[in-house]
Amino acid sequence: MRTVSGSKSPVLYLLGILTLLLCPTSLHGCSSPPRIKHGHFRYTNTGLSLTDVVEYECQEGYILVGEAKITCTFFKWSAPAPQCKALCLKPEITNGKLSVEKAQYVNPEAVTIKCDPGFRIVGSQNISCSENKSWSPDVPKCEKVGTKGCKKVFEGQNLLQCLPNPLNSKVALELYKLSLEIEKLEGEINKEEIA
């Protein structure tokens with residue numbers, strides 16, 4: 001075997017080749033795989049591989065966005081490290097609807113809440129899935145709106161609450177009915193006087 005120039009022994013030359021084959025990191029020279037928030041990586045390549053392969057996984061409640069596996073070849077990772085994004089469960093809106101209906105949402109996804117007719121929103125209409133797996137601001141509520149035609153009913157309910165017992169309620173209703181009849185008769189008398 002011929003000696004390689006600059007080298008005194010073929011054994012050293014073979015030792016260098018063996019080092020390159022058995023220690024692939026010296027061949028590719030990539031830095032340590034990037035760490036990710038809310039996740040981790042593990043090496044998946046076999047010992048005979050000339051490339052480093054790492055696979056990323058996320059903690060429970062997070063979803064992987066990007067390449068799950070990246071490879072180091074010739075001093076460079078094949079893709080940027082993926083990210084672990086928070087998952088938010090579908091917010092429950094009684095008497096309302098979401099702009100986008102699905103079981104889970106990924107941070108920073110946002111939805112708009114619209115209340116059913118006859119209901120109004122209490123809180124923010126727009127909410128976003130935050131990094132801590134919750135909705136920000138808090139999930140609003142849809143409350144019933146009183147209509148104008150019901151104003152007299154609400155006034156009557158308030159009046160009845162002031163009376164001490166049901167018998168007084170009946171008397172109060174009869175008096176109110178009598179006052180309406182008197183008002184009607186006075187209106188008819190006024191019409192006859194004008195004519």
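Residues numbered from 1 in each chain as written. Predicted model: local features only at pLDDT ≥ 70, side-chain atom pairs only at ≥ 80, totals over all residues. Heavy atoms only, no water.

Student: Could you give me a rundown of the sheet that holds strand β5 (residues 76-77), with the residues and numbers involved?
Tutor: If you walk across this open sheet you meet the four strands as β1-β2-β4-β5, and the pairing is antiparallel. Taken across any chain shown, the strands that pair with only one partner, and hence form the sheet edges, are β1 (39-43) and β5. Here strand β4 (residues 69-73) runs beside β5; their pairing, made up of two bridges, is antiparallel. Bridge pairing in β5 links Thr73 to Lys76. (Pairing = 2+ DSSP bridges. Helix = DSSP H or I, 4+ residues; strand = E, 2+ residues; numbered from the N terminus.)

Student: Account for the sheet that holds strand β8 (residues 104-106), with residues named and values stated.
Tutor: On the basis of which strands lie adjacent, the open sheet formed by three strands has the order β3-β6-β8 and antiparallel pairing. Each edge of the sheet is formed by a strand with only one pairing partner; in this case those strands are β3 (62-65) and β8. Shown here is a sheet whose adjacent strand axes are inclined to one another by a mean of 40°, direction ignored. (Axes fitted to C-alpha atoms, helices over the stretch in contact; angles between N-to-C directions.)

Student: Give me the environment of Lys144: which residues, what numbers.
Tutor: With respect to the element layout, Lys144 can be found in strand β13 (residues 141-144). Residue Lys144 is classed as exposed on the basis of its relative accessible area of 63%. Residues Lys144 and Cys115 lie 29 residues apart in sequence; the distance between their C-alpha atoms is 9.5 Å. When neighbours within four sequence positions are excluded, Lys144 is seen to be in contact with Gly118 and Phe119. (Buried < 20%, exposed > 50% of the residue type's maximum accessible area, 1.4 Å probe, protein only. Contact = heavy atoms within 4.5 Å.)

Student: How would you sum up the pairing of strand β9 (residues 110-115)? Please name residues and give values.
Tutor: Regular strands place side chains that alternate from one sheet face to the opposite one. The alternating pattern of β9 places Val111, Ile113 and Cys115 on a buried face and Ala110, Thr112 and Lys114 on a face that is not buried. By the bridge criterion, three bridges tie β9 to strand β11 (residues 126-129) in an arrangement that is antiparallel. In the sheet register, Val111 faces β11, and the bridge partner there is Ile127.

Student: An account of the state of the cysteines is requested, with residue identities and associated values reported.
Tutor: In a disulfide, the sulfur atoms of two cysteines are held together by a covalent bond. For the coordinates displayed, the defined rule picks out three disulfides. Between Cys58 and Cys84 runs a disulfide, and the two sulfur atoms are separated by 2.1 Å. Since a negative S-S torsion denotes a left-handed disulfide, the Cys58-Cys84 link at about -90° is left-handed. Placement of the pair is Cys58 in strand β2 (residues 52-58) and Cys84 in strand β6 (residues 83-89), with a sequence separation of 26 residues. Taking the relative accessible area as the measure of exposure, Cys84 reaches 9% and is therefore buried. Sulfur-sulfur distance for the disulfide between Cys88 and Cys129 comes to 2.1 Å. For the disulfide bridge between Cys88 and Cys129, the dihedral angle about the S-S bond is near 85°, and by the sign convention the bridge is right-handed. A residue pair is termed long-range when its members are at least 10 positions apart, and Cys88 in strand β6 and Cys129 in strand β11 qualify at 41 residues. (Disulfide = S-S within 2.5 Å.)

Student: Tell me what's going on with the nonpolar core, and back it up with residues and numbers.
Tutor: Membership of the largest hydrophobic core is limited to twelve residues, which are Cys30, Ile36, Phe41, Val54, Tyr56, Tyr62, Ile70, Cys72, Trp77, Ala79, Cys84 and Ala86. When contributions to this core are tallied by element, the ones reaching two or more residues are β2, β4 and β6. In contact with Ile36, other than residues within four places in its own chain, are Tyr56, Glu57, Leu64, Ala81, Pro82 and Cys84. Ranked by size, the runner-up nonpolar core spans eleven residues in total, among them Val111, Ile113, Trp135 and Cys142. (Core = buried A, V, L, I, M, F, W, Y, C linked by side-chain atoms within 4.5 Å.)

Student: Can you break down the packing of aromatic side chains residue by residue, with the values?
Tutor: Scanning the entire structure with this criterion turns up three aromatic pairs. Relative to Tyr43, the ring of Phe41 lies with its centre 6.1 Å away and its plane at 85°, an arrangement referred to as edge-to-face. Judged by relative accessible area, which is 18%, Phe41 ranks as buried. Taking the centre distance of 5.3 Å and the plane angle of 70° together, the rings of Tyr105 and Trp135 count as edge-to-face. Of this pair, Tyr105 sits in strand β8 while Trp135 sits in strand β12 (residues 135-136), and the two are 30 residues apart along the sequence. Across the pair, Trp135 and Tyr105 agree in class, each one buried. Within the aromatic cluster, the residues linked to one another by ring pairs are Phe41, Tyr43 and Tyr56. (Phe/Tyr/Trp six-rings, centres within 6.5 Å; stacked < 30°, edge-to-face > 60°.)

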